[in-house]
Amino acid sequence: MKLHSVPLEDLSVKRGGSVNPEKFPDETFELFSIPAFDTGKAEVCKGKEIGSAKKCVEPNDVLLSRIVPHIRRSWVVGESLGYRQIASGEWIQFRSDNVFPQYLKYFLISDPFHKLFMSTVSGVGGSLLRARPSEVYKIEIPLPPLPEQKRIAAILDAADALRTQRRQSIAELDLLLQSTFLEMFGDPVENPKGWDVVKIEDVTQSRLGKMLDKGKESSDEQYPYLANFNVQWGKIELSELRCMNFNKLDREEFSLCNGDLLICEGGEVGRAAIWRQEGKEIFFQKALHRVRVNKSLTTPEYIQRYFWSMAKNGGFDSFANSATIPHLTGVKLKNLPLPLPPLDKQEKFAGIVEAIEAQKERLQAHLTELDTLLASLQQRAFNGEL
């Protein structure tokens, strides 16, 4: 069924008014900022705490983030908490009696829209990239009658609710892992259980990866390697791998074995994950430390969670070199103090980690299926096939 379409400009709010909260320092506002989006709740703060002029918004307005456009952010303004509702100027604002807000939100985060949306982007990169509203307004949205929009939105709501449940379950498992670590070992920064303290180099062997040298790159010895961005907390992303030259000696020196820890030297200092891809021919670059544990003294699971706790509680602040950009040098890493509980206690924790990670992997696989389902439903809905 061919759906009637209109340009988004017909649904846009271009002169919805603005307010400078600084002129109302003691008034409380409900602020829909870009950072608040991930929390799902608007910030409630005084005018004196808000820096610059903001857009005035109303309940059921639909917001679309124009900044860092590759991240899909669309937000339906909720009922007022009794304060004036305002929003960052980085949102493109929509309001119309002809569109159901949830229907519009799902359209704005759908694959077909996002592809067109990215073609409206300008800027030099990173946080300076922005979509151009004038171009976004030209994109057309299929607009069936309101009852049909509500029916479609209800179907998409149901699919999205399942995704939310899976994400919450995964987050709860992460919390369980962290609380288990703290219960068994205590905060490693404070070391309240009084474990003996050693240096990282006393229980591990570590080295930085290979530095990229474009002048010595050849075409016949190119191999994939892990970069900083491939290493996330507790997982290694392999969807995007870069290649560089690794000769025979390099391949021996920068190889990875099952159970090796990879730790970020810069960026988010100390971010760590365990390599579990036995037999895969892949190497690592200089932005990463490879840490191999002495299995008679410690476990990679304990060291990995130790780094997580240190990073989240400021434990690296006095160790990371921050003269320019914070980074954890090889020397600093080797001298890092490490509370060392008995090995049998660490191995018990490793077993718990294995069980929880297996459960997370099952949930993540299901979440991926649900992502695909929602995308398929959106595709059908906005093609008039749902």
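What counts and what doesn't
Residues numbered from 1 in each chain as written. Predicted model: local features only at pLDDT ≥ 70, side-chain atom pairs only at ≥ 80, totals over all residues. Heavy atoms only, no water. Helix = DSSP H or I, 4+ residues; strand = E, 2+ residues; numbered from the N terminus. Contact = heavy atoms within 4.5 Å. Lys, Arg positive; Asp, Glu negative; His and termini not counted. Charge placed at Lys NZ, Arg CZ, Asp CG, Glu CD. Patch = residues over 30% accessible without salt bridge, like charges linked within 9 Å, V, L, I, M, F, W, Y side chains within 5 Å. Areas by Shrake-Rupley, 256 points an atom, 1.4 Å probe, with all protein chains shown as cover. Salt bridge = Lys/Arg side-chain N within 4 Å of Asp/Glu carboxyl O. Buried < 20%, exposed > 50% of the residue type's maximum accessible area, 1.4 Å probe, protein only. Pairing = 2+ DSSP bridges. Axes fitted to C-alpha atoms, helices over the stretch in contact; angles between N-to-C directions. Parallel < 35°, antiparallel > 145°, perpendicular 65-115°, else oblique. Left-handed = near helix turned anticlockwise from the far one by under 90°. Nonpolar A, V, L, I, M, F, W, Y, C, P; charged D, E, K, R; others polar. UniProt positions renumbered as here; feature names shortened; annotations may be inferred.

Looking at an unreviewed UniProt entry, the protein chain carries the name Restriction endonuclease subunit S, with the source organism given as Candidatus Thiothrix putei.

**Observations concerning the overall build of the protein chain**
Broken down by element type, the protein chain carries 10 helices and 23 strands. Along the first, second and third principal axes, the C-alpha atoms of the protein chain reach 70 × 55 × 40 Å. When contacts within the protein chain are restricted to residue pairs at least 6 apart in sequence, those whose partners lie at least 24 apart make up 76%. Here the protein chain carries 50 positive and 52 negative side-chain charges, and the mean point of each set is 3 Å from the other.

**Some thoughts on a nonpolar patch on the surface**
Together, V44, L81 and Y83 give the surface a local cluster of nonpolar side chains, amounting to about 280 Å² of exposed area. Tracing the backbone through its elements, the reader meets L81 in the loop between β7 (74-76) and β8 (84-87). Taking the relative accessible area as the measure of exposure, L81 reaches 56% and is therefore exposed.

**Digging into the sheet that holds strand β15 (residues 222-226)**
On the basis of which strands lie adjacent, the open sheet formed by three strands has the order β18-β15-β21 and mixed pairing. The open sheet has two edge strands, β18 (242-245) and β21 (283-284), and neither has a second partner. Judged from the four bridges that link them, β15 and β18 form a sheet pairing that is antiparallel. Each bridged residue has a counterpart across the sheet, and for Y225 the counterpart in β18 is R242.

**What about the pattern of salt bridges?**
Applying the stated criterion to the full structure yields 21 salt bridges. We note a salt bridge from E90 to R130, for which the minimum N-O separation is 2.7 Å. Separated by 40 residues along the polypeptide, E90 in the loop between β8 and β9 (91-94) and R130 in strand β11 (residues 130-131) bring together distant segments of the chain. Among the salt bridges present, the one from E268 reaches R271, with a minimum N-O distance of 3.2 Å. Members of the salt-bridge network, linked through shared partners, are E58, D61 and R95.

**Comments concerning the packing of helix α2 (residues 101-108) against helix α5 (residues 146-185)**
Closest axis-to-axis distance for the α2/α5 pair is 8 Å, and the angle between their directions is 60 degrees. On the basis of the axis angle, α2 is oblique to α5. For the element pair α2 and α5, the recorded crossing hand is left-handed. Of the residues in α5, those touching α2 at Q102, Y103, K105 and Y106 are Q149, I152, A153, L156, D157 and D160. Of the residues that constitute the contact of α2 with α5, the class distribution is five nonpolar, two polar and three charged.

**Brief notes about the UniProt feature "coiled-coil region" (unreviewed entry) in the protein chain**
Sequence positions flagged by UniProt for "coiled-coil region" (unreviewed entry) are, in local numbering, residues 353-380. Along residues 353-380, the helical share is 100% and the strand share 0%, with 40 Å between the first and last C-alpha atoms.

**What about the pairing of strand β22 (residues 288-293)?**
Of all six residues in β22, five are buried; the element is thus mostly enclosed. By the bridge criterion, five bridges tie strand β14 (residues 204-208) to β22 in an arrangement that is antiparallel. By the bridge assignment for β22, L208 is matched with H289. Two strands pair when backbone bridges link them, and strand β19 (residues 261-264) and β22 are joined in this way by four bridges, in the antiparallel orientation. Residue pairing in the sheet places L262 in a bridge with R290 of β22.

**Re the sheet that holds strand β2 (residues 18-19)**
Strand order in this open sheet of five strands is β2-β5-β8-β3-β4, and the pairing throughout is mixed. Of all strands in the sheet, those with a lone pairing partner are β2 and β4 (43-46), marking the two edges. The pairing of β2 with strand β5 (residues 54-56) spans two bridges and is antiparallel. Across the sheet, S18 pairs through a bridge with K55, a residue of β5.

**Some details on the packing of helix α8 (residues 300-312) against helix α10 (residues 343-381)**
Viewed as axis vectors pointing N to C, α8 and α10 meet at an angle of 80 degrees, and their least axial separation amounts to 8 Å. Taken as axis vectors, α8 and α10 run roughly perpendicular relative to one another. On α10, the residues that touch E301, Y302 and R305 of α8 are Q346, F349, A350 and V353. Across the contact of α8 with α10, the residue classes tally to four nonpolar, one polar and two charged.

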